[in-house]
Amino acid sequence: MQGIPENIVVGSHVWVGDPELVWVDGQVLNINGEEAEIQTSNEKKVVSLVSKLYPKDVDVPTDGVDDMTKLAYLHEPGVLHNLETRYMMNEIYTYTGNILIAINPFQSLSHLYDTDVMQRYKGATIADLSPHVFAIAEAAYRAMINEEKSNCILVSGESGAGKTETTKMLMRYLAYLGGNAASEGRTVEQQVLESNPVLEAFGNAKTVRNDNSSRFGKFVEIQFDKRGRISGAAIRTYLLEKSRVCQVSDPERNYHCFYLLCASPPEEKEKFKLGDPRSFHYLNQSNCYDLVGVNAAQEYLSTKRAMDIVGISQEEQDAIFRVVASILHLGNIKFAKSEDTDSSVLEDEESKFHLQITAELLMCDPVALEGALLERVMVTPEEIIKRSLDPLGAAVSRDGLAKMLYSRLFDWLVHKINSSIGQDPSSKCLIGVLDIYGFESFQTNSFEQFCINFTNEKLQQHFNQHVFKMEQEEYTKQGIDWSYLEFVDNQDVLDLIEKKPGGIIALLDEACMFPKSTHETFAQKLYQTFKDHKRFIKPKLARSDFTVVHYAGEVQYQSEQFLDKNKDYVVPEHQDMLSASKCSFVSGLFPSLSEETAKSAKFSSIGSRFKLQLQQLMDTLNLTEPHYIRCVKPNSQLKSCLFENLNVIQQLRSGGVLEAVRIKCAGFPTHWTFHDFLTRLRVLAPEVLRGNFDEKDSCKMILEKMGMTGYQIGETKIFLRAGQMAELDAQRALLLSNSATVIQKHAKTRFSRQTYIALQKSSVFLQSICRGVLARRLYYHMRRGTAAVRIQKHMRRSLARKSYTEVTSSAIVLQTGFRTRAACDNLRYRKQTRASITIQSYWRRHKALFEYKNLKKASIISQNIDHSNDTHEEKVLETPMQNESPMEESSYPVQEESSNHVQEESSNHVQEESSNPVQEESSSPFQDDESIEVIRDSSSPLHDTEKIEVLNVEIKNLKVKLHTEKQRGDEYERKYVEAQGSSEELRKKLAETEKRVYQLQDSLNRMISSMSTQVAELKMILSTSSRLSSTFRPIARVDIASSNSDTSSTDSDFTFPATASNEAPSSPEPNSFKLVVQDVTAVDGSGSEKEGSFDDFF
């Protein structure tokens, strides 16, 4: 499907590629050679090659077309736009020829699937009604009845596209068409439909892309008898994902049945020793335990009811859930390394408890169960050797037992459902419905994704063969001139996977048979074998990964677990232990195997067995007439009304839908044999039947009479272009209806005329009555409208005045508080300033007085000492020389020395007194006089020794006083520092107070603004209530414009100017705390309704 450059001119509406939207529509502005400038609908200008543009049909219906073969321009952007248009209108089904495209709506559309819709589609052809899954089921059913040939419906699509729900709707409609009562009061269709909840509970799980993803393939064969009634059914399953039982990645979940059993009633949980899902190892590997919108307890009861309908007894149900519970307990058994080399034991008492519970649920010997988990038996020709397993090997053995238990349980459920439903061996016709996993490509792709994608490759080949290759082969066989068209063929990918020898599955089986093989050796073998294969790629940064180029794109697989997951052999110890169970149900799951069977079952390849099952499925599909339903997931977020173009177009390309559209429309979509064509359309040319013509010539005559061109006539069939068969059927229907029309027209004319006359009289009478009622109602509304306007006017004025008065009062109260706070702060600052000045004056006066007294004392002491020395010298000179004695001579130096000592002490005393910065303010005057007298008396030479002692005592007293004065000085200094600190704290508090004042100012402004908004809302409420009252009662409308004009002037009064500055004051002066506060203005003298305003609040 290439663009049509010769049809692209300036002004043409085209589709141009877009990296985000894939395709976007626009208009050509200019063409320059091979490039064109386009103005897109999303207001962008892009330049693109003309060869890459597609024309847009501007006349396409706004709601799209139900069959895309009807599009004028059938190309990729036209198909994508048509699907998006219909999806946004909740039209999720669209035809592409005979292929139905179903887009998952991700919401409940129950009105599309009720009984009335089934009744409309019953017996209708595909072209009669809008596209629907019921139409495909109806076409398959009618083809089976008319042609007596089996049909099948292939539902395909990736995970989350809605395949499972589509399959449910198909089976429901087929049960509606072929419902038939069966034995024991249960119908076959009920059992078929109710088998879905059972299989979903045990085979579906939450994945990254889908909350209810089928982790197994299912092909349902619905058998019909000769009368078209359902006579039996059979269900085949393929490749259950057993590894999910033991390994779950976040945010996925394990199979639904485990969570349903944990939500069972308390008595059943007590019987199975179950609790919260978070306590089990097989469930707590992921943090997802619940599904949105799903009640696990109700789903558990619904599953049990479905089991009852499909014929599973209560004893069998108990045994089934015992096995499920035993798997959960089995996963909680942990192993630790024992004292012996390469052996293990149970880790703790909890593991022993779960081992005991598992043995009780399976009704087997606990010792035998422990031995089967911890040991392996090797049989040699000479002896039987028991080998212990290390903790890792024991854990692998435990997981293997859990997977084997679940796999056997699932197989038993499928077999039980088939046995309960019953099959009809005499049935020759059936309708098969295939619901199998879609193409998967995750960040980590293992063996399960490899098998799933292999299945989709097979189904894609089947689609290619029947839609593409079968068309061309039919044209060639009939001798029709046909030009072969190219399309993607995936046979080379299938050869890469399944070819023998040398395919990937064959190499995997070969690696599994060698004990020393690892995933790395397997990967190296793949690299060597397929190094030149165009569909095989070796990743550059991986040692064991490999990439396969599938039809839907490249997928990189991690081969770490390929070998382990491909092995499916039964451990003899597990087989023997479970075969010996006292529970007949458990022992029935593991029947004893003969020696030869046991030898052959030691190794079994899942890949080979799956390939065989898949081939059997393809053989079944090749024997039936196929019908296709392509399910599409519109977005990866699983949300409704979200259409991601890139995601959808990739699915359409990989599913071959676009290629099918092109081939069908370019070829001949309608093929009829000559006999069938004449049988159906012979009424168009009755003269052909009266003549003796060959069938081929008769068909040609009919087509020529109808004016058909472009058709082809082959050897045994006639080939019609798209739409020609519909035109012929329309002519046939017109011809058949003409006869009935002649008979019916006269009767209808009479009945219609009588009805018309009666209706005319009745309408005239009713019109007169209605006009009178309308006139009275109009007058009544006008009166009530006038009254309502007056009431509203007074009400608005009253409410506005009341609101304004309340705001004014609140503002006055706030102004009073702010002024009071400011005055108190100013007064407090003045008091603190006055107190600090008083303290400073007293401290300066005290310090000056203290220094004056010190200087005075020092001068007096100095004068006394000088006077005493002078007196002493005069007396010494007056003493007669003759009276000198040796004793006096010896005492004179002593006295002189004493005198010098006294002078020295007095000098030191004066220096100490003068250096002392602080003295006692209230020194006793008597003490000063005494010290002076003592100094005066010291002038006597006879009493020098006594005076010296007195001076020493006085010096000590002076030192004590000096120390006391120093302490008092330090105390005053400390108090001064504290006064300065308190003053600084007061400054900070004043600054905080001013900041709070500004905050209160802002709060007041916001409050006034809020009150203004409330007043406006009140006006709107009154206006709305007035309109509502006029709707339900005859009240006139409220003139909102006048209401707004009455109060517009009032609203402006509630606006406060913002503060000039939010900066804190830089100095503690009183002027910095002044606030500009203006009073609310008084009532205006002009008599206006405004009573005041808050202009310049701050």
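Residues numbered from 1 in each chain as written. Predicted model: local features only at pLDDT ≥ 70, side-chain atom pairs only at ≥ 80, totals over all residues. Heavy atoms only, no water.

K.L.:
Quick one: what's the story with the overall build of the protein chain, residue by residue and with numbers?
P.N.:
Summing up its helical and strand segments, the protein chain has 31 helices and 24 strands in all. Within the protein chain, the proportion of its 1098 residues that are buried is 43%. At a minimum sequence separation of 6, the contacts of the protein chain that also span at least 24 residues come to 67%. As displayed, the protein chain offers around 59,300 Å² of accessible surface, 53% of which is attributable to carbon and sulfur atoms. (Helix = DSSP H or I, 4+ residues; strand = E, 2+ residues; numbered from the N terminus. Buried < 20%, exposed > 50% of the residue type's maximum accessible area, 1.4 Å probe, protein only. Contact = heavy atoms within 4.5 Å. Areas by Shrake-Rupley, 256 points an atom, 1.4 Å probe, with all protein chains shown as cover.)

K.L.:
Can you explain helix α10 (residues 349-362)? Please cite residues and give values.
P.N.:
For α10, which comprises 14 residues, the first-to-last C-alpha distance of 20 Å matches the rise-based estimate of 20 Å (1.5 Å per residue) to within 8%. Every buried residue belonging to α10 is among Ser351, His354, Leu355, Ile357, Thr358, Ala359, Leu361 and Leu362, and all of these are buried. A positive phi of about 55° marks methionine 363, the residue just after α10. (Expected span 1.5 Å × (residues − 1).)

K.L.:
Explain the confidence of the model for the protein chain to me, and be specific about the residues and the numbers.
P.N.:
Per-residue confidence for the protein chain gives a mean pLDDT of 79; residues scoring 70 or more make up 81%. Overall, residues 880-942 carries pLDDT values under 50, and its contacts beyond four positions in sequence, including any with other chains, amount to 79 contacts. Between residues 1030-1098, whose pLDDT stays under 50, and residues either more than four places distant or in other chains, the model counts 123 contacts. (pLDDT = per-residue confidence, 0-100.)

K.L.:
Let's hear about the pattern of salt bridges: which residues, and what values?
P.N.:
For side chains bearing opposite charge, pairing can occur when the charged atoms are close. Enumeration according to the criterion identifies 28 salt bridges in this entry. Taking the shortest distance from any N to any O, the salt bridge between aspartate 211 and lysine 206 comes out at 4.0 Å. Of the residues examined, aspartate 211 reaches a relative accessible area of 34% and is grouped as partly exposed. As a salt-bridge pair, glutamate 252 and arginine 244 come within 3.0 Å of each other at their nearest N and O atoms. Considered together, glutamate 252 and arginine 244 belong to a single accessibility category, that of buried residues. (Salt bridge = Lys/Arg side-chain N within 4 Å of Asp/Glu carboxyl O.)

K.L.:
If you had to explain the sheet that holds strand β21 (residues 625-632) to someone new, which residues and values would you point to?
P.N.:
In space, the seven strands of this open sheet follow the order β6-β7-β21-β8-β17-β11-β12, with mixed pairing throughout. In the strand order of this sheet, the two ends are held by β6 (93-96) and β12 (230-238), each with one partner. With direction set aside, neighbouring strand axes in the sheet form an average angle of 20°. By the bridge criterion, five bridges tie strand β8 (residues 151-156) to strand β17 (residues 429-435) in an arrangement that is parallel. Bridge assignment links asparagine 151 to a residue of β17, and that residue is isoleucine 431. (Pairing = 2+ DSSP bridges. Axes fitted to C-alpha atoms, helices over the stretch in contact; angles between N-to-C directions.)

K.L.:
For the nonpolar core, give the residues involved together with the corresponding values.
P.N.:
Counting 131 residues, the largest nonpolar core has Phe202, Phe258, Ile629 and Leu652 as its most contacted members. Among the elements that make up this core, the one with the highest residue count is helix α12 (residues 391-421) (13 residues). Those residues within four positions of isoleucine 629 in sequence are excluded, and the remaining contacts are Leu100, Ala102, Val133, Ile136, Ile153, Leu154, Val155, Ser156, Thr166 and Leu170. Counting 50 residues, the second-largest nonpolar core is a separate cluster that includes Leu154, Phe468, Leu507 and Phe522. (Core = buried A, V, L, I, M, F, W, Y, C linked by side-chain atoms within 4.5 Å.)

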